[in-house]
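Overview (structure and organization)
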Amino acid sequence: MLTTYIHYGLLIVLAIALIYAAVTDIQRRQIDNWLNAGIVLAAPIFWWASGMSLWPDVAIQFGIAVLAFAFFAGLFALKLMGGGDVKLLTALALWIEPNAFLQLLLVMALAGGVLTIVMGAYHFLQRQKERLAIPYGVAIAFGALWVLFPKLIAVPTFV
């Protein structure tokens, strides 16, 4: 029963952290390192509370996170993605099972496309000359919350 409380509580904390990441990315175009580190450091507690076994469950989560980091770090090197976005996606890969992580990436891409179109239109209509900076943390948070929402609304049985 304690693990149920911890599991559900950690999902709520993660949702709050994602909202915070989106807000700070809108405000400052930055996702704080301490936030990403906190998400990473809480992952082992989440694994334990979820009843995940070290092999193969945790190993798979870790492997997906390594692959996500390698892929998105490549996009960062090409200046297609920000460093905070790379770290946030890598941290989320430690929490979200592989199939759901693929769903997160799909929803993130769609939300990011809509966000880019809306911000691009606004940028154009305002006749702004500086380079358009998309707060992609918003799309990442949206995708993650989309995937986590069914788990958040499922009322756990504490009895």
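Computed from a prediction, not measured in an experiment: that's the story for all the values here.

**Focus on the packing of aromatic side chains**
Aromatic ring pairs are described here by two measures, namely the spacing of the ring centres and the angle between the planes. All told, the structure shown has 4 aromatic pairs when counted by the stated rule. Between the aromatic rings of Tyr-20 and Trp-34, the centroid separation amounts to 5.6 Å while the plane-to-plane angle is 50 degrees, which identifies the pairing as tilted. One end of the pair, Tyr-20, is in helix H1 (residues 2-28); the other, Trp-34, is in helix H2 (residues 33-50), with 14 residues separating them in the sequence. With a relative accessible area of 34%, Tyr-20 lands in the partly exposed category. Measuring from ring centre to ring centre gives 6.0 Å for Phe-142 and Trp-146, while their planes differ by 45 degrees; the resulting arrangement is tilted. On the criterion of helical spacing, the pair formed by Phe-142 and Trp-146 is a turn pair, its members being 4 residues apart in helix H6 (residues 137-153).

**A word on the side chain of Asn-36**
Looking at where Asn-36 falls in the secondary structure, it is placed in helix H2. For Asn-36, the contacting residues outside a window of four places in its chain are Ile-31, Gly-84, Lys-87, Leu-88 and Ala-91.

**Let's talk about the nonpolar core**
The biggest cluster of nonpolar side chains holds 42 residues, and the ones touching the most others in it are Leu-18, Ile-39, Leu-88, Leu-92, Trp-95, Ile-96 and Leu-104. Examining the composition of this core, we find that 8 residues originate from one element, H1, more than from any other. Among residues more than four places away in sequence, those in contact with Ile-96 are Gln-61, Phe-101, Leu-104, Val-147 and Leu-148.

**Brief notes about the confidence of the model for the protein chain**
Per-chain confidence: the protein chain averages 93 in pLDDT, with 97% of residues scoring 70 or above. Per-element confidence in the protein chain is highest for helix H4 (residues 83-93), whose mean pLDDT is 97, and lowest for H6, whose mean pLDDT is 93.

**Some points on the side chain of Asp-32**
With respect to the helices, strands and loops of the structure, Asp-32 is situated in the loop between H1 and H2. Separated by 3.0 Å, the side chains of Asp-32 and Arg-28 make a polar contact. There is a polar contact of 3.5 Å between the side chain of Asp-32 and the side chain of Gln-30.

**Section: the environment of Lys-151**
Along the chain, the position of Lys-151 falls in helix H6. Along the chain, Lys-151 and Arg-29 lie 122 residues apart, while their C-alpha atoms are 29 Å from each other. A distance of 3.0 Å separates a polar atom in the side chain of Lys-151 from a polar atom in the side chain of Glu-97.

Scoring rules and cut-offs
- Residues numbered from 1 in each chain as written.
- Predicted model: local features only at pLDDT ≥ 70, side-chain atom pairs only at ≥ 80, totals over all residues.
- Heavy atoms only, no water.
- Phe/Tyr/Trp six-rings, centres within 6.5 Å; stacked < 30°, edge-to-face > 60°.
- Helix = DSSP H or I, 4+ residues; strand = E, 2+ residues; numbered from the N terminus.
- Buried < 20%, exposed > 50% of the residue type's maximum accessible area, 1.4 Å probe, protein only.
- Contact = heavy atoms within 4.5 Å.
- Core = buried A, V, L, I, M, F, W, Y, C linked by side-chain atoms within 4.5 Å.
- pLDDT = per-residue confidence, 0-100.
- Polar contact = N/O pair within 3.5 Å; in protein donor to acceptor, adjacent residues only side chain to side chain.

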